[in-house]
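Understanding the architecture of this molecule
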Amino acid sequence: MSAPALKPTLPPRRLGIIGSIVGVLALMAAVLPHWVVPMVFPPPPADQVIVDTGHRIKDRLMARVKGIEYQAPKVEKSAGRSWSETASATAISLGLLAILLSVLSLVLREERLLAGVAAVLGTGAIAIEISFVMIGALILIAILYVVGNIIGLL
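Anyway, here's the lowdown on the structure attached to this text. A quick note: this is a predicted structure, and the numbers were derived from the prediction, not measured.

As a further point, take the nonpolar core. With 5 residues, the main nonpolar core is built from Ala26, Ala29, Ala30, Ala91 and Ala125. Counting residues per element, this core draws most heavily on helix 1 (residues 14-31), which supplies 3 residues. Among residues more than four places away in sequence, those in contact with Ala30 are Ala91, Ala125, Ile128, Glu129 and Phe132.

Structure (structure tokens):
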């Protein structure tokens, strides 16, 4: 009689697959809103923003000349900005969840490839969000530098 052949058992993949799906969702939440939100909720025209900024600067200077404290008008958040902030928080949260599932997958000795994919997707989503914030900060610094040069502060 021959011994029955043993089938090799594959390591479980459940957390790795879930982490990869969450990582893909995080990546989508990080990338898509930057193209979809401006199409659905278009930003105000540049000339309107420039005129509004000029009026606020003029009002601030007039308040300083008169010696009174400047009261900034209440600015409502646009729907597009609200959606962008929500998508950013969602992308970072899902990215962290994908990384957590990846670590749990490794701890429970699941397949390493799927755990690595989940970790890379989650890290990529977080990196994309941070890069958009850094690009925005650099643009803001450049605008402030140009305005400072025009006014003569720098």
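Now that the structure has been shown, the text picks up again.
Further remarks concern the layout of surface pockets. As a volume, the largest pocket reaches approximately 1600 Å³. Around the largest pocket sit 40 residues that line it, and Pro43, Pro44, Val49, Arg81 and Gly136 are the ones nearest its centre. Put simply, the parts of the chain that give the lining of the largest pocket at least two residues each are helix 1, helix 2 (33-40), helix 3 (46-66), helix 4 (79-107) and helix 5 (112-151). The element contributing the most residues to the lining of the largest pocket is helix 5, with 11 residues. For the lining of the largest pocket, the residue count by class is 23 nonpolar, 10 polar and 7 charged.

Moving on to the environment of Ile99. As for its position among the elements, Ile99 is in helix 4. Classification of Ile99 as partly exposed rests on a relative accessible area of 26%. Sequence separation of Ile99 and Ala119 is 20 residues, and the distance between their C-alpha atoms is 4.7 Å.

Here the focus is the packing of helix 1 against helix 2. The contact between helix 1 and helix 2 brings their axes to 5 Å, and the two run at 45°. Our classification of the angle between helix 1 and helix 2 gives oblique. Packed against helix 1, whose contacting residues are Met28, Ala29, Ala30 and Val31, the element helix 2 presents Pro33, His34 and Trp35 at the interface.

Analysis parameters
Residues numbered from 1 in each chain as written. Predicted model: local features only at pLDDT ≥ 70, side-chain atom pairs only at ≥ 80, totals over all residues. Heavy atoms only, no water. Core = buried A, V, L, I, M, F, W, Y, C linked by side-chain atoms within 4.5 Å. Buried < 20%, exposed > 50% of the residue type's maximum accessible area, 1.4 Å probe, protein only. Helix = DSSP H or I, 4+ residues; strand = E, 2+ residues; numbered from the N terminus. Contact = heavy atoms within 4.5 Å. 1 Å grid on protein atoms, 1.4 Å probe; cavity = no way out; pocket = protein on both sides within 12 Å on 5 of 7 lines; lining within 4 Å. Points joined across faces, edges and corners; volume = space filled by probe spheres on them. Nonpolar A, V, L, I, M, F, W, Y, C, P; charged D, E, K, R; others polar. Axes fitted to C-alpha atoms, helices over the stretch in contact; angles between N-to-C directions. Parallel < 35°, antiparallel > 145°, perpendicular 65-115°, else oblique.

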